[in-house]
Amino acid sequence: MTDTNPADPVATGQSPSGLAEDTAARLRAQVIAGHLRPGQRLSETRLAGDLSVSRNTLREVFRLLTREGLLTHAPNRGVSVAVPTMAGVLDIYRVRRLIEVPALAQAWPRHAAVLRMAECVAQARIAREAGDWRGVGSANMAFHAAIVALTDSPRLTAFFAQAMAELRLAFGLLDSPEQLHAPFMQENGAILELVQQGDMEAAATRLADYLDRSERVVMTAFARLENGVTRG
């Protein structure tokens, strides 16, 4: 008998592949928001209920996100959230430079995504005042997603979302989200100001420097983690 869920859109005519992709996007968004942590084991029954999909659909979602590197499957242990590696994070920063810097350099200063960038800067400041550093991280992720949205490329936007989900998992391994995010909040504001002034070249140059420094911060924290300095 096929495993179904009354709330599963498959029962109302949505294609199984479309439902799985939509559900994968929802689960990926949870990773980007920091709601799922590296190494966390996922209960198929509980997650199917939370997402209102059948277990068959959820298994396809697991397959999709495992292929993206966000989940892992081990025999007799089930599915868990992936634990990033230093090599993987280095590769993500390489991808970010290739996508974000040209996106900003070639953007139209009055693009609708600029307004979204401004909203993200404001959201980060509100979260900081509330002491919500996970919220600051989420706003920061959204800021950089808005930069990529300047390209008007759905393919780049989707690809970047996958990369940022992996990066958020790396952030989840580090002990001090404040130390990670606080230095770059001001940089986001400065980049936004340059964009609003129409100086896209200066904004792109500042972003390139930003990414270099962010990579060093994350790699230093990772090195301490692997050497057992920050975690026993």
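All figures in this text were calculated on a predicted structure; none of them were measured in a lab.

Novice: Would you take a moment to explain the UniProt feature "domain: HTH gntR-type" (unreviewed entry) in the chain for this structure?
Specialist: UniProt records the feature "domain: HTH gntR-type" (unreviewed entry) for residues 17-84 in the present numbering. The span residues 17-84 is 56% helix and 12% strand, and its two end C-alpha atoms sit 27 Å from each other.

Novice: Please explain empty space enclosed by the protein as it appears in this structure.
Specialist: Summary: where empty space remains is shown by rolling a probe the size of a single water molecule over the atoms. Under the definition given, this model contains 2 cavities of 30 Å³ or more. Roughly 90 Å³ of volume is contained in the largest cavity. As for the largest cavity, its lining consists of 13 residues, of which Asn-140, Phe-171, His-181, Tyr-210 and Ser-214 are closest to the centre. Tallied by class, residues from the lining of the largest cavity come to 8 nonpolar, 4 polar and 1 charged. Looking at the second largest cavity, its volume works out to about 30 Å³. Together, Cys-120, Val-121, Ala-124, Ala-139, Phe-143, Met-185 and Asn-188 line the second largest cavity. Here the lining of the second largest cavity gets 3 residues from one element, more than from any other, and that element is helix H5 (residues 112-129).

Novice: What's the story with the side chain of His-181 in this structure? I'm lost.
Specialist: In this structure, His-181 sits in helix H8 (residues 177-196). Sequence-distant contacts of His-181, defined by excluding residues within four places in its chain, comprise Trp-133, Val-136, Gly-137, Asn-140 and Phe-171.

Novice: Please explain the packing of helix H1 (residues 16-32) against helix H3 (residues 55-68) as it appears in this structure.
Specialist: Think of two packed helices as two axes; the pair is described by the angle between the axes and how far apart they sit. In the contact formed by H1 and H3, the axes pass within 9 Å of each other and the chain directions differ by 60°. Taken together, the axis directions place H1 and H3 in an arrangement best described as oblique. Classified by chirality, the crossing of H3 by H1 is right-handed. Facing H1, whose interface residues are Leu-19, Ala-20, Glu-21, Thr-23, Ala-24, Leu-27 and Arg-28, H3 presents Thr-57, Glu-60, Val-61, Leu-64, Leu-65 and Glu-68. In terms of residue class, the contact of H1 with H3 is made up of 7 nonpolar, 2 polar and 4 charged.

Novice: Help me out: how do you make sense of the nonpolar core in this one?
Specialist: A general feature of soluble globular proteins is that nonpolar side chains tend to end up buried together. Counting residues in hydrophobic clusters, the biggest one holds 25 residues, and the most contacted among them are Leu-104 and Met-117. Contributing elements (two or more residues each) for this core: helix H4 (86-105), H5, helix H6 (133-149), H8 and helix H9 (200-226). Examining the composition of this core, we find that 6 residues originate from one element, H9, more than from any other. The contact partners of Leu-104, leaving out residues within four places of it in the chain, are Met-117, Ile-147, Leu-150, Ile-191, Val-195, Met-200, Ala-203, Ala-204 and Leu-207. If you look at the next biggest cluster of nonpolar residues, it comprises 23 residues, including Leu-19, Leu-42, Phe-62 and Leu-64.

Novice: What's the story with the side chain of Glu-215 in this structure? I'm lost.
Specialist: With respect to the element layout, Glu-215 can be found in helix H9. What makes Glu-215 buried here is its relative accessible area of 14%. A distance of 2.7 Å separates a polar atom in the side chain of Glu-215 from a polar atom in the side chain of Arg-97. Apart from residues no more than four positions distant in its own chain, Glu-215 is found in contact with Leu-90, Tyr-93 and Arg-97.

Novice: Would you explain the pattern of salt bridges in this entry?
Specialist: A pair can form between side chains of opposite charge whenever their charged atoms are brought close. Under the criterion given, the structure shown has 13 salt bridges. Close ionic contact of Arg-28 with Glu-68 constitutes a salt bridge, the shortest N to O distance being 2.7 Å. Taken together, the residues span a long stretch of sequence, with Arg-28 in helix H1 and Glu-68 in helix H3 at a distance of 40 residues. The exposure classification of Arg-28 matches that of Glu-68, with both residues buried. A salt bridge links Arg-128 to Glu-129; the nearest nitrogen and oxygen atoms lie 3.8 Å apart.

Here is what the cut-offs are and how they apply
- Throughout, residues of each chain are indexed from 1 in the direction in which the sequence is written.
- For a predicted model such as this one, the threshold for reporting local features is a pLDDT of at least 70, and the threshold for listing and counting side-chain atom pairs is 80 or more; totals across whole chains, interfaces and linings nevertheless cover every residue.
- Side-chain calculation: all heavy atoms of the structure are included, whereas hydrogens and water are not.
- UniProt positions are given in the numbering used here, feature names are shortened, and annotations may be inferred rather than shown by experiment.
- Strands here are runs of E lasting at least two residues and helices are runs of H or I lasting at least four, both read from the DSSP assignment and numbered beginning at the N terminus.
- Think of a 1 Å grid over just the protein atoms. A cavity is a set of points where a 1.4 Å probe fits yet cannot get out, a pocket is an open set with protein on both sides within 12 Å along at least five of seven lines, and lining residues have an atom within 4 Å of a point.
- Grid points are joined across faces, edges and corners, and a volume is the space filled by probe spheres set on the points.
- In this classification, the charged set is Asp, Glu, Lys and Arg, the nonpolar set is Ala, Val, Leu, Ile, Met, Phe, Trp, Tyr, Cys and Pro, and all remaining amino acids, among them Gly, are polar.
- Throughout, a residue-residue contact means that at least one pair of heavy atoms, one from each residue, lies within 4.5 Å.
- To get an axis, a line is fitted to the C-alpha atoms, and for a helix only the part in contact is used. The angle between two axes follows their N-to-C directions and goes from 0 to 180 degrees.
- Each angle receives one of four descriptions, namely roughly parallel if under 35 degrees, roughly antiparallel if over 145, roughly perpendicular if within 65 to 115, and oblique otherwise.
- Working rule for handedness: look at the near helix, and if it is turned counterclockwise from the far one by less than a right angle, call the crossing left-handed; if clockwise, right-handed.
- Take the buried Ala, Val, Leu, Ile, Met, Phe, Trp, Tyr and Cys residues and link them wherever side-chain atoms come within 4.5 Å; each set so joined is a nonpolar core.
- A 1.4 Å probe rolled over the protein chains alone gives each residue an accessible area, and that area as a share of the maximum for its type sets the label: buried under 20%, exposed over 50%, partly exposed in between.
- Within 3.5 Å is the distance limit for a polar contact, defined as a pair of N or O atoms, with the added protein rule that one can donate a hydrogen and the other accept it, and that residues adjacent in sequence qualify only through two side-chain atoms.
- One side-chain nitrogen of Lys or Arg within 4 Å of one carboxyl oxygen of Asp or Glu is enough to make a salt bridge.

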